[in-house]
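Given next are the chains, with one letter for each unit.
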Amino acid sequence: MWNRRHTGLKIAGWTMAAILALPLIVLLGVSVNPGVEQVFPPQGFSLRWYANLANRHGFIDATRLTLLLAVGSTIVSVTVGLLAGIAITRFDFLGKDLVLTAILSPLIVPQVVVGMAFLVTLSSLGIVTSVVSLAILHCVITLPFAARVIVSALAASSRSLEEAAQSLGASPVRAFLSVTVPMIRPGLVAAAIFAFVTSFENFTASQFLVWDRTTLPVELYNFVQTESDPTAAALSSLILLPVIVLVILFNSFIGQHMFSRK
Amino acid sequence: MAVVELRDISANYGNNRVLSSVSLVLAQGEFVAVLGPSGCGKTTLLRVVAGFVEHTGSVSIAGRPCEGVPPHKRKIGIVFQDYALFPHRTVAENIGFGLRLRKLPRAEIAVKVDGLLTLLQLRGLADRYPSELSGGQRQRVAIARALAVDPQVLLLDEPLSALDKKLREEMQVELRQLQQRVGITTMFVTHDQEEALALADKIVVMDRGRIRQEGPPAGVYVRPRNRFVANFIGKSNIFEGRAAGRDGEDLICTIADRYGMKIRSEGDPQLPGAKIDFLVRPERIRLRPVSGTPAGEGEIPGTVRHVVYLGAHQNVHIALETGQVIEAEASHEHTWQPGDAVAIGWRPEDALLLIED
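Reading guide: rules and limits
Residues numbered from 1 in each chain as written. Chains lettered and ligands numbered in written order. Predicted model: local features only at pLDDT ≥ 70, side-chain atom pairs only at ≥ 80, totals over all residues. Heavy atoms only, no water. Pairing = 2+ DSSP bridges. Helix = DSSP H or I, 4+ residues; strand = E, 2+ residues; numbered from the N terminus. Axes fitted to C-alpha atoms, helices over the stretch in contact; angles between N-to-C directions. Patch = residues over 30% accessible without salt bridge, like charges linked within 9 Å, V, L, I, M, F, W, Y side chains within 5 Å. Areas by Shrake-Rupley, 256 points an atom, 1.4 Å probe, with all protein chains shown as cover. Salt bridge = Lys/Arg side-chain N within 4 Å of Asp/Glu carboxyl O. Buried < 20%, exposed > 50% of the residue type's maximum accessible area, 1.4 Å probe, protein only. pLDDT = per-residue confidence, 0-100. Contact = heavy atoms within 4.5 Å. Buried area = accessible area lost by both parts, 1.4 Å probe. Expected span 1.5 Å × (residues − 1). Bend = angle between axes of the 7 residues up to and from the residue. Parallel < 35°, antiparallel > 145°, perpendicular 65-115°, else oblique. Left-handed = near helix turned anticlockwise from the far one by under 90°. Nonpolar A, V, L, I, M, F, W, Y, C, P; charged D, E, K, R; others polar. Domains from an automatic or database assignment.

J.: Which residues make up the sheet that holds strand β7 (residues 153-157) of chain B, and what values go with them?
T.: Residues and elements named next belong to chain B. On the basis of which strands lie adjacent, the open sheet formed by six strands has the order β6-β7-β8-β3-β9-β10 and mixed pairing. Edge positions in the open sheet fall to β6 (76-79) and β10 (210-215), since each of these has one partner strand only. Adjacent strand axes in the sheet meet at a mean angle of 20°, parallel and antiparallel pairs treated alike. As defined by bridge partners, strand β3 (residues 31-35) adjoins strand β9 (residues 202-207) across four bridges and the pair is classed as parallel. Bridge pairing in β9 links Val-34 to Val-204.

J.: Residues and numbers for a nonpolar patch on the surface, please.
T.: Together, Phe-91, Phe-93 and Val-99 of chain A line one region of the surface with nonpolar side chains, adding up to about 260 Å² of accessible area. Mapped onto the secondary structure, Phe-93 of chain A falls in the loop between α3 (57-90) and α4 (96-108).

J.: Describe unusual backbone geometry, and please don't skip the residues or the numbers.
T.: The linkage connecting Phe-40 of chain A with the following residue, Pro-41 of chain A, adopts the cis geometry, with an omega of -5°. Mapped onto the fold, Pro-41 of chain A is located in the loop between α1 (2-31) and α2 (48-52). Residues other than glycine seldom take positive phi values, yet Tyr-83 of chain B does so here, at roughly 70°. You can see Tyr-83 of chain B is positioned in the loop between β6 and α2 (91-101). On the basis of relative accessibility, which here comes to 6%, the residue Tyr-83 of chain B falls in the buried class. Of note in the backbone geometry, Lys-103 of chain B takes a positive phi value of approximately 55° without being a glycine. One can find Lys-103 of chain B in the loop between α2 and α3 (106-119).

J.: Pulling in residues and values, what's your account of the confidence of the model for chain B?
T.: Per-residue confidence for chain B gives a mean pLDDT of 90; residues scoring 70 or more make up 98%. The complex model carries a pTM of 0.79, and its ipTM stands at 0.81.

J.: Can you tell me about the interface of chain A and chain B, naming the residues and giving the values?
T.: Between chain A and chain B, the residue contacts involve 18 residues of the former and 21 residues of the latter. Summed over both partners, the interface of chain A with chain B buries about 1700 Å², with 65% contributed by carbon and sulfur atoms. Counting the surface chain A buries against chain B, the share from its top three residues, Glu-163, Ser-167 and Leu-168 of chain A, is 38%. The tally of links between chain A and chain B comes to one salt bridge.

J.: Could you give an account of α4 of chain A, with specific residues and numbers?
T.: Residue and element names in this part refer to chain A. Between its first and last C-alpha, α4 extends 19 Å over 13 residues, near the 18 Å set by a 1.5 Å rise per residue. Largest kink in α4: about 35°, centred on Ala-102, with the proline Pro-106 one to four residues after it. Burial in α4 covers these residues: Ile-103, Leu-104 and Pro-106. In the core, the buried residues of α4 are packed alongside α3, α5 (111-124) and α6 (130-156).

J.: Summarise the packing of α4 of chain A against α6 of chain A; cite the residues concerned and give the values.
T.: All names here are of chain A. In contact at an axis separation of 7 Å, α4 and α6 are set at 120° when each is read in the N-to-C sense. As summarised for this structure, α4 and α6 are arranged oblique, according to the angle between their axes. Crossing handedness for the pair α4 and α6: left-handed. Across the interface between the two elements, Leu-100, Ile-103, Leu-104, Pro-106 and Leu-107 from α4 touch Val-140, Leu-143, Pro-144, Phe-145, Ala-147, Arg-148 and Val-151 from α6. For the contact of α4 with α6, the class distribution of residues is 11 nonpolar, no polar and one charged.

J.: Which residues make up the pairing of β9 of chain B, and what values do they have?
T.: Residues and elements named next belong to chain B. Extensive coverage of β9 is indicated by the burial of six of its six residues. Along β9, one buried face is formed by Lys-202, Val-204 and Met-206 and the opposite face, lined by Ile-203, Val-205 and Asp-207, is buried too. Inspection of the sheet shows β9 paired to β10 by five bridges, in the antiparallel sense. Bridging across to β10, Asp-207 finds its partner in Arg-210. Hairpin connection between β9 and β10: a loop of two residues separates the two successive antiparallel strands, and Arg-208 in this loop has a positive phi of roughly 45°.

J.: Help me get a handle on the sheet that holds strand β4 (residues 56-61) of chain B, residues and values and all.
T.: Residue and element names in this part refer to chain B. Read from one edge of the open sheet, four strands run β2-β1-β4-β5, paired in antiparallel fashion. Among the strands making up the open sheet, the edge pair consists of β2 (16-27) and β5 (64-65). Bridge count between β4 and β5: two bridges; the pairing is antiparallel. Looking across to β5, one finds that Ile-61 is bridged to Arg-64.

J.: Report on the domain arrangement of chain B, specifying residues and quantitative values.
T.: Residue and element names in this part refer to chain B. Here chain B is partitioned into domain 1 (2-232) and domain 2 (237-353). Of note, the centres of domain 1 and domain 2, computed from C-alpha atoms alone, are 40 Å apart. Across the boundary between the two partners, domain 1 contributes seven residues, which contact eight residues of domain 2. Counting the surface lost from both domain 1 and domain 2, the interface buries some 740 Å², and carbon and sulfur atoms represent 41% of this. If you sort the residues of domain 1 by the area they bury against domain 2, Tyr-221, Arg-223 and Arg-227 come out on top, with a joint share of 62%. The tally of links between domain 1 and domain 2 comes to two salt bridges.

Structure representation (structure tokens):
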């Protein structure tokens, strides 16, 4: 009885996993096609579309910009998130709830609206360079993800630990760095990963700010509008690589610290 | 010599006044228990000494005024209610934390940590993490960590409340012995009156942000000055009456305008008709069955409500004819039954006049 139900659950589970993984497998298959058609299963094996990426200056430039934005906005949003988190969890001030809501609001406001709002605001301010405008946008978009995780990590860390460190001779800054930071480290790593991924994959809002340069997801989308060879599939497959690394990192580091803590 | 001197301390949380002009002195080596119900301001007072709370009035530690001195420069040791051990550091690292901050040579730290491990019976646990320790061990690590930096004063915030009853009693004895051996001035915050009576050289009873009475445990127990202290420390039957005159060294007081009772009261003259509050401890109430003789002079009649058997003695709850319900501790010489008619009384010297509200 129990065994049969178990088997049923297993089948359901594997089916779900297969449905999730299938498009990625097809993508990988398509990317190694020798011909110009995007077909699956591939009619042979070739890495020519991967090699072709080197000739696509648009992709190379977009990749550079995307990584720059992802790293930059991660640093900014984790730093700001940490400072905001300290303010929110450690101090009482007027309009505290308002600040928290403002920081988290990009989570709720539709990306289309955020993108549009940035477009009209930045162009009316005369800021029409993609790098600057995208940098601001990505910091705003990633901040709520980082802040949320950091605020809850800080809220969970006991205040008396810092006070104990102070009573033993540590200045408040020292106490924070030597006691609280190690405790919230998993939260900081999670916040950084969330921020990085959020920036890296952002399409909806970023496409509003295409003036002179653009990001990888937008560039990829523009490419498949006009071309149909497997270059885009090859690029997408390459993007999977760092994502897989991040997922493994996330699982082994965060999973261990966050969920198996006694 | 005064190690800690608090003068006229007041503090607010928002619009709430949590401390109102509290003054307190801790002498060298003294063990002071600050006792009171939750919300009376006792923990806030401890945090004032530590420097974590904004306040008015002055604090000085070892003769040095603390105004503007941050907690990390105050030479204090604190043991928190939740112990606040650093979870990602071992027992030895926790104890050595303050020593490393002081940049002592590594060998010196090792010697000191080793000594504390021995003193607190933590040998063999040096490399454990706090999550691998029992409640009593955690508490000992917290004390060792606080003592490591040779503080001027040790502040203990309900350190025994997280332990079960048996361990708590063991730790009380241990804590007291340790404190005497180290000779450190200690301020101990607790809501447990037995703990305070058992441990302290001096008890400070607080209520609603004020000190209501301070003194040695026996003094506070035997001579409570007001209703609050009388009720909070030990059990009390509090009577209200009016002064009716004197009989030698006793004050005669009428209760419910009918029963004339005597209270020992040297000196303080009470105007006839003045309102008088006094208390009689349950163990000092005398009980007499009223079978033939009705309640006489110096007695108040009543009826037994119920009896609680407590092994060594029994607690008899009595509804007096004045309407008041009192509690008396009785031996097993007589078996009391609900409904029994009784007369209560006391020796004049067992009635304690409350001199404040």
